[in-house]
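Observations on the model geometry
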Amino acid sequence: MTGTAFEELPAAPFLTPPRDPFLPMERADRRRLTAPVTRVRLPNGQPAWLVTGHAEIRQLLRHPGLSADASRPGFPLLRPLPPPRSEADRQGLFIRMDGEEHARLRRMLTAEFMIKSIRRLEPMIQRTVDEALDAMLAAGPPADLVTSFALPVPSMVICHLLGVPYEDHAFFQARSRRLLDQTIPAQEVLAAADELRDYLRTLIDRKRGSAERHDDLLSRLIRERVATGELVANELVGIGLLLLVAGHETTANMIALSTLLLLRHPGHLDRLRAEPELAPGLVEELLRYLTIVRTGLPRLVVTDLELAGRTLRAGDGVIALLPLANRDHAAFVDPDDFDPYREAHQHLAFGFGVHQCIGQPLARAELRVALVELARRLPGLRLAVPGDRVPAREHSVVYGLAELPVTW
Amino acid sequence: MSGERAVRVRVDRERCCGSGNCVLAAPEVFDQDDADGLVLLRRAEVPPELADGVRRAVDLCPAGALGLR
């Protein structure tokens with residue numbers, strides 16, 4: 001590292017400013033990141049590489065010499081969490097695994113989330129969206145779109161898919177949120193994870209003891225993988241934890257933020273109502289423009305690699321800053337403009353490399369159905385507060401709105 | 001830019017992570033295995049009219065499991 005004194009390096013993670021949910025970070029911070037690969041300072045004082053270029057992030061995340069295992073010494077932590085207390089805590093959490101260990105678990109799930117499998121779930125997604133809107137309309141305006149629509153829809157869908165009882169939603173929604181909150185003490189984050197694991201362990205034990213044949217993901221994995229000895233029950237607990245949390249927070253935040261953005265330009269919702277077949281392209285641009293994993297993806301360099309003329313050495317930490325890659329002039333024309341009908345499919349909102357979001361077909365389907373029906377059923381939808389007064393969760397690992405007060 | 005000639009696709013199932021981007025980009029050419037979700041080729045020889053979709057699939061593959069030859 002040369003040129004800049006360590007104390008003067010920009011400090012990661014970068015946060016969205018309180019009053020502008022569509023800015024990936026403060027303008028002043030962004031102006032300092034002039035190269036696609038730069039140096040930053042992490043909260044624990046450790047230096048790390050920050051990669052912001054679209055091409056550079058693609059090259060980086062496809063590289064085999066990287067580790068996603070946060071328990072390795074030197075791994076760049078965006079919040080100071082202690083290392084896993086035991087091997088049991090790591091089991092099943094394949095987003096933090098590498099190589100064969102990762103591939104073994106991911107491959108047990110890929111068929112569940114592929115496009116044709118999600119297509120079979122689409123009537124259930126449609127019904128869930130319809131019923132949530134029926135209830136919201138019946139209760140009448142005003143409403144908080146987060147609690148009445150954006151959160152319950154993906155929550156019900158992931159519960160149905162996994163075979164988790166939705167009536168327990170208050171319990172796991174609160175803990176999912178705490179797990180991703182970067183402002184609460186580490187012990188509370190770990191306690192939330194423990195409580196979710198205990199809940200899932202009890203649920204999985206109950207399913208294993210049940211004589212009934214259930215057609216849900218956890219029950220299928222019990223029958224096809226746990227019963228055959230390919231998977232131990234605690235690994236299934238970890239897998240369930242990942243899918244439950246990821247299935248909630250990401251899509252819920254995308255639905256609410258997308259709605260806020262579309263309400264800024266009512267023409268977008270009018271056009272979606274008239275031409276719902278444009279929804280898939282619109283969803284890709286929303287994913288690009290909003291990129292809710294705003295603090296980026298952390299990785300540890302395991303073998304030296306060259307990136308944009310810099311040498312990243314084994315043992316260095318590196319952060320792939322997805323939101324800036326999705327606003328890279330080299331990849332998108334006028335990247336800071338929201339253009340619902342641009343070709344945005346090469347965005348990196350789902351990440352890149354072998355860890356790329358496994359649930360992306362599900363997320364796309366939920367977003368598409370939710371936004372099309374919102375536009376169709378609520379033509380008079382508008383904000384119930386000024387646009388800059390919508391409370392956000394700036395300190396969550398997954399950016400989102402705390403509330404979205406609307407009326408119609 | 002539209003492809004003039006037929007292209008041949010190469011897939012590496014060992015590298016595939018089952019993201020399904022190829023199926024989204026070129027459903028006439030790519031499919032996913034019902035058993036493990038990994039990439040399947042519906043045809044290895046791609047006619048010129050499908051070549052652009054295949055190039056997009058190669059570009060979008062997060063694992064670098066696809067190639068042209």
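Only a predicted model underlies this, so the values are computations on that prediction, with no experimental measurement involved. Throughout this document, residue positions are counted from 1 along each chain, in the order its sequence is written. Whichever chain is written first is A, and whichever ligand is written first is 1; the rest continue in order. At least 70 in pLDDT is required for a residue's local features to be given in this predicted model, at least 80 for side-chain atom pairs to be given and counted, and no such filter applies to totals for whole chains, interfaces and linings, which use all residues. Processing note: side-chain calculations cover all non-hydrogen atoms of the structure and skip hydrogens and water entirely.

What to know about the overall build of chain A
Numbering of helices and strands runs from the N terminus; a helix is a DSSP stretch of H or I covering at least four residues, while a strand is a stretch of E covering at least two. Across its full length, chain A holds 16 helices and twelve strands. The globule rule used here is 2.2 Å times the number of residues to the 0.38 power, and the radius of gyration it is set against is calculated over C-alpha atoms. Relative to the compact-globule value of 22 Å for 408 residues, chain A shows a C-alpha radius of gyration of 21 Å, a close match. Taken over the C-alpha atoms alone, chain A extends approximately 60 × 55 × 35 Å along its principal axes. Working definition: with a 1.4 Å probe on protein chains only, accessible area under 20% of the residue-type maximum means buried, over 50% means exposed, and in between means partly exposed. Looking at chain A as a whole, 57% of its 408 residues are labelled buried. In this analysis, two residues are considered to be in contact whenever any of their non-hydrogen atoms come within 4.5 Å of each other. Within chain A, residue pairs in contact and separated by at least 24 positions form 72% of the contacts whose partners lie at least 6 positions apart. Using a 1.4 Å probe, accessible areas were evaluated by the Shrake-Rupley method; residue-level cover was limited to the displayed protein chains. Counting only carbon and sulfur atoms, one obtains 53% of the accessible surface of chain A, whose full area is about 16,700 Å².

Structural notes on the confidence of the model for chain B
On a scale of 0 to 100, pLDDT captures the predictor's confidence in every residue. Mean pLDDT over chain B: 92, with 94% of residues reaching 70 or higher. Predicted complex, confidence summary: ipTM 0.93, pTM 0.96.

Here's the deal with the pattern of salt bridges
Salt bridges are counted wherever a side-chain nitrogen of Lys or Arg sits within 4 Å of a carboxyl oxygen of Asp or Glu. Evaluated as defined, the whole model comprises 33 salt bridges over all chains. Taking the shortest distance from any N to any O, the salt bridge between B:Arg13 and B:Asp36 comes out at 3.1 Å. Of the two residues, B:Arg13 sits in the loop between β1 (7–11) and α1 (21–25) while B:Asp36 sits in the loop between β2 (30–32) and β3 (39–41), which places them 23 residues apart along the sequence. Relative accessible area serves as the criterion here: at 29%, B:Arg13 is assigned to the partly exposed category. Through salt bridges with shared partners, a single network forms among A:Asp69, A:Glu87, A:Arg90 and A:Glu101.

Topic: the state of the cysteines
Working definition: a disulfide is two cysteine sulfur atoms within 2.5 Å of each other. Inspection of every chain in the model, using the stated rule, returns zero disulfides over all chains. Note on B:Cys17: no disulfide assigned, nearest cysteine sulfur contributed by B:Cys16 at a separation of 6.1 Å.

Section: the interface of chain A and chain B
Taken residue by residue, the interface counts 17 residues in chain A and 27 residues in chain B. Throughout, the accessible surface (probe 1.4 Å) given up by two parts as they are put together, summed over both, is called the buried area. Between chain A and chain B, the buried area comes to about 1,800 Å², and carbon and sulfur atoms account for 48% of it. For the chain A face of the interface with chain B, the top three residues by lost area are A:Arg62, A:Arg107 and A:Ile115, together amounting to 30%. In this structure, the connection of chain A to chain B is made through three salt bridges. With its nearest N and O atoms 3.0 Å apart, the salt bridge here joins A:Lys116 to B:Asp31. Under this definition, polar contacts are N or O atom pairs within 3.5 Å; protein pairs additionally need one hydrogen-donor-capable and one acceptor-capable atom, and for neighbouring residues in sequence, both atoms have to be side-chain atoms. For the pair chain A and chain B, the interface holds 14 residue pairs in polar contact (both at pLDDT 80 or more).

Some points on helix α13 (residues 266–274) of chain A
Two residues of an α-helix separated by three or four positions point the same way, owing to the 3.6 residues in each turn. Residue and element names in this part refer to chain A. Residues of α13 that are buried: His268, Leu269 and Leu272. An end-on view of α13 places all buried positions within 95° of arc, on one side of the element. Those residues of α13 that are exposed and aimed more than 90 degrees away from the buried face are Pro266 and Ala274. Where α13 is buried, its residues contact α12 (233–264), α14 (279–290) and α16 (360–377). This arc is built from the directions going out from the helix axis to the C-beta atoms.

A few points about unusual backbone geometry
What you tend to see is this: most non-glycine residues have negative phi, and most peptide bonds are trans. Residue and element names in this part refer to chain A. Pro13 follows Ala12 through a cis peptide bond whose omega is 0°. When you line up the elements, Pro13 lands in the segment before α1 (27–32). Positive phi, close to 50°, is recorded for Ala308, a residue that is not glycine. Positive phi is not limited to glycine here, since Asp334 has a value of about 45°.

Looking at the side chain of A:Ser258
Residue and element names in this part refer to chain A. Secondary-structure assignment places Ser258 in helix α12. Taking relative accessible area as the criterion, Ser258 reaches 0% and is therefore assigned buried. Dropping the residues within four chain positions of it, Ser258 is found in contact with Leu286, Leu290, Leu367 and Leu371.

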